[in-house]
Amino acid sequence: AQKVTQAQTEISVVEKEDVTLDCVYETRDTTYYLFWYKQPPSGELVFLIRRNSFDEQNEISGRYSWNFQKSTSSFNFTITASQVVDSAVYFCALSEENSGYALNFGKGTSLLVTP
Amino acid sequence: ETGVTQSPTHLIKTRGQQVTLRCSSQSGHNTVSWYQQALGQGPQFIFQYYREEENGRGNFPPRFSGLQFPNYSSELNVNALELDDSALYLCASSWGLSGNTIYFGEGSWLTVV
C-alpha cells in the first residue's frame, strides 16, 4: 500500500502565482519524519525540509512554507510567487522508526512554471 | 552541493551483465543508502548500510548487493542485469539511524539493452 500519496501528478502555473503541493501520509509509528525534496531535470534530489512527528510548528523559509497537520496526516508545501526556476518534480517522503528510517517516497508532483 | 559523489554518471550495459556503482558519502556521515528510480516514478529503497553492515533492505532480489567500506564509501552491485533494471540509481548519506536528514548524490543513469 502506498504510504505517501501525492495526488497531484502535474501542476502548471504562471510565474508569480502561488502553488500548493499536497502530501498525505500513512503510518502507525509515533516517531516519524517527513521530508520534501526537489528534483530538477539533472536528476539530483535536493533536500528542502525535514519535520519530525513531534513538531507541528509550520515553517516559512523565503518563498517556501510548509503546513504539517497530524490530525489529517498531511504535510503540504507552498511556493509563493513562483518562478520559472521552481519548475521541477517535488517529492514528499516518510521516514519511520519501524523501517529503519529509510525514505518512503510518494510518486512526485511535476511543477511547471511558465513565464 | 551535498558532498555525496557517485560514479559513473551514465553507463550502458547488456542484459545478463554485471554492474558496480560507486558512492562517496558526505564527510562525517556513517550511513549510506541506495535507491532506484525508474522513469516517472519516485525513488524506491534498495538497502542501507550503517558502519559497514547492511541495516535494512527494500523489496529487491538478492542479485542487488552492496558493500560499505571503512571510510563509509559504498558500492552497489547488480548481477544478471535485466531490461527493467534501467533506472537512475541514487546514493544517499546521513549520520546515524534516527531520521536525520538524508542527502543525495546526482545519481548514476543505467541503461540495460
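Just so you know, the residues in each chain are numbered from 1, in the order the chain's sequence is written. Think of it this way: whatever chain is written first is A, whatever ligand is written first is 1, and the rest follow in order. Local features in a predicted model are, by the rule used here, given only for residues with pLDDT of at least 70; side-chain atom pairs are given and counted only at 80 or more, and totals for whole chains, interfaces and linings are based on all residues. Water and hydrogen atoms were dropped before computing side-chain values, which therefore reflect all heavy atoms in the structure.

Next up on the list: the overall build of chain B. Each helix corresponds to a stretch of at least 4 residues labelled H or I by DSSP, and each strand to a stretch of at least 2 residues labelled E; elements are numbered beginning at the N terminus. In terms of regular secondary structure, chain B is built from 0 helices and 11 strands. Counting from the amino terminus, helix and strand elements in chain B follow one another as β-β-β-β-β-β-β-β-β-β-β. With C-alpha atoms as the basis for the radius of gyration, the globule rule is written as 2.2 Å multiplied by the number of residues raised to the power 0.38. A globule of 113 residues ought to have a C-alpha radius of gyration of about 13 Å, and chain B, at 13 Å, matches this closely. Dimensions of chain B along its principal axes, counting C-alpha atoms only, are 40 × 30 × 25 Å. Burial status follows relative accessibility: with a 1.4 Å probe on protein chains alone, a residue under 20% of its type maximum counts as buried, one over 50% as exposed, and anything between as partly exposed. When the 113 residues of chain B are sorted by exposure, 50% land in the buried category. Whether two residues are in contact is decided by their heavy atoms: any pair within 4.5 Å suffices. Looking at chain B alone, contacts between residues at least 24 apart form 53% of all its contacts between residues at least 6 apart. For the accessible areas, the method is Shrake-Rupley and the probe is 1.4 Å, while residue cover comes only from the protein chains on display. Total accessible area computed for chain B in this model is approximately 5400 Å², and 49% of it derives from carbon and sulfur atoms. For the purpose of counting charges, residues Lys and Arg are taken to be positive, whereas Asp and Glu are taken to be negative. His and the chain ends are not included. A charged residue contributes its charge at one atom only: NZ of Lys, CZ of Arg, CG of Asp or CD of Glu. Across chain B, the mean location of the 6 positive side-chain charges is 5 Å away from that of the 9 negative side-chain charges.

Glancing now at the interface of chain A and chain B. Residue-level contacts link 19 residues of chain A with 22 residues of chain B. By convention, the term buried area covers the 1.4 Å-probe accessible surface removed from two parts as they join, with the contributions of both added. When the two sides are added together, the surface that chain A and chain B hide from each other amounts to roughly 1600 Å², 55% of it contributed by carbon and sulfur. By the criterion of area lost to chain B, the three top residues of chain A are Glu44(A), Leu45(A) and Tyr101(A), representing 29% of everything that side buries. Should a side-chain nitrogen of Lys or Arg be within 4 Å of a carboxyl oxygen of Asp or Glu, the pair is scored as a salt bridge. There are 0 salt bridges connecting chain A and chain B.

Looking now at the layout of surface pockets. There is about 460 Å³ of room inside the largest pocket. What lines the largest pocket is a set of 21 residues, and nearest its centre among them are Asn104(A), Pro43(B), Gln44(B), Phe45(B) and Asn59(B). Listed by contribution, the elements that provide at least two residues to the lining of the largest pocket are β11 (103-105) of chain A together with β5 (44-50) of chain B. Residue type decides the class: Asp, Glu, Lys and Arg count as charged, Ala, Val, Leu, Ile, Met, Phe, Trp, Tyr, Cys and Pro as nonpolar, and the leftover types, Gly among them, as polar. Within the lining of the largest pocket, the residues separate by chemical class into 7 nonpolar, 10 polar and 4 charged. Points on a 1 Å grid over protein atoms alone make up a cavity when a 1.4 Å probe fits among them but cannot get out, and a pocket when they form an open set with protein on both sides within 12 Å along at least five of seven lines; lining residues each have an atom within 4 Å of a point. Grid points are joined across faces, edges and corners, and a volume is the space filled by probe spheres set on the points. Of the voids in this model, the second largest pocket is the one considered here, and its volume is about 380 Å³. Surrounding the second largest pocket, 23 residues form its lining, Gln39(A), Gln37(B), Leu39(B), Gly40(B) and Gln41(B) being those nearest its centre. Of all the secondary-structure elements, those providing two or more residues to the lining of the second largest pocket are β10 (88-96) and β12 (109-114) of chain A together with β9 (87-94) and β11 (108-112) of chain B. Tallying contributions element by element places β11(B) first for the lining of the second largest pocket, with 3 residues. For the lining of the second largest pocket, the residue count by class is 10 nonpolar, 12 polar and 1 charged.

A few words on empty space enclosed by the protein. With the rule as written, the count across this model stands at 1 cavity of 30 Å³ or more. Around the largest cavity, the lining residues are Gly100(A), Tyr101(A), Gln48(B), Ser94(B), Gly96(B), Leu97(B), Gly99(B), Asn100(B) and Ile102(B). When grouped by side-chain class, the residues that make up the lining of the largest cavity number 3 nonpolar, 6 polar and no charged.

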